[in-house]
Amino acid sequence: MPRKLPELTKTIRNEVQKQRPMIPWVEIDGVPEPRVAELMGSTSIFFAAHDLEGCPLTALEAMARGNLIVGFPGTRNFRHPYSTAENGLWVKDRDISAAINATVRAIDLVTNDPRRHIAFLEAGQRTVANFSKLKVTQSLNAAIQCISTQSYKNNKTKVSNLT
């Protein structure tokens, strides 16, 4: 269970466990990073309780470890490229009912629909590949150049790239 949105997550966990009591809910809050990586590698689903995220590393880490992601993208109305309908069962931020339903669907999908489950995992791997240090640096450099071109049109100031 993530440390963000603890009350919402607790409500979601309790309701999901009522509907699927045989499925354990493994908490990661306060767990050392190496153990978190082990847990992500031994579970099938990761509940993302993101809230006001810039770049939600835990969801990307869970995708990299082969988890189906379900939960909140954490970007409110801003569509972030890491959370797509192809790579997870994402719901509107803080929508408890939708999160419960999506989590139950994820459990059922992992249990009963291996083809669709694998499709989500493969899409997650493709998503992770787009968040390498090189690709993020290239995107930031493009943004810096665009901003500097617009901000310094009449000025000869040269803005350097990130390295």
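Above: the structure in question.
Reference entry: report on the structure contained in this document.

Rules and cut-offs
- Residues numbered from 1 in each chain as written.
- Predicted model: local features only at pLDDT ≥ 70, side-chain atom pairs only at ≥ 80, totals over all residues.
- Heavy atoms only, no water.
- Pairing = 2+ DSSP bridges.
- Helix = DSSP H or I, 4+ residues; strand = E, 2+ residues; numbered from the N terminus.
- Axes fitted to C-alpha atoms, helices over the stretch in contact; angles between N-to-C directions.
- Contact = heavy atoms within 4.5 Å.
- Core = buried A, V, L, I, M, F, W, Y, C linked by side-chain atoms within 4.5 Å.
- Buried < 20%, exposed > 50% of the residue type's maximum accessible area, 1.4 Å probe, protein only.

What follows concerns the sheet that holds strand β2 (residues 68–72). Hydrogen bonding along the main chain pairs the strands of a sheet, whether they run parallel or antiparallel. Pairing is parallel across the open sheet formed by 3 strands, whose spatial order is β1-β2-β3. At either end of the open sheet lies a strand with only one pairing partner, and these are β1 (45–49) and β3 (88–90). Shown here is a sheet whose adjacent strand axes are inclined to one another by a mean of 15°, direction ignored. As paired elements, β1 and β2 share 5 bridges and run parallel to each other. Bridging from a neighbouring strand, Ala-49 pairs with Phe-72 of β2. Those strands touched by helix α4 (residues 96–112) are β1, β2 and β3, and its axis lies near 175° from that of β2.

With that settled, the discussion passes to the nonpolar core. Membership of the largest hydrophobic core comes to 20 residues, with the highest contact counts inside it found for Ile-12, Val-16, Phe-47, Val-70, Phe-72, Leu-89 and Ala-99. Of all the secondary-structure elements, those providing two or more residues to this core are α1 (6–19), β1, β2 and α4. Per-element tally for this core: the top contributor is α4, with 7 residues. If sequence neighbours within four positions are ignored, Val-16 has contacts with Trp-25, Ile-100, Thr-103, Val-104 and Ile-107. With 13 residues, the next largest nonpolar core counts Leu-39, Met-40, Ala-62 and Ile-69 among its residues.

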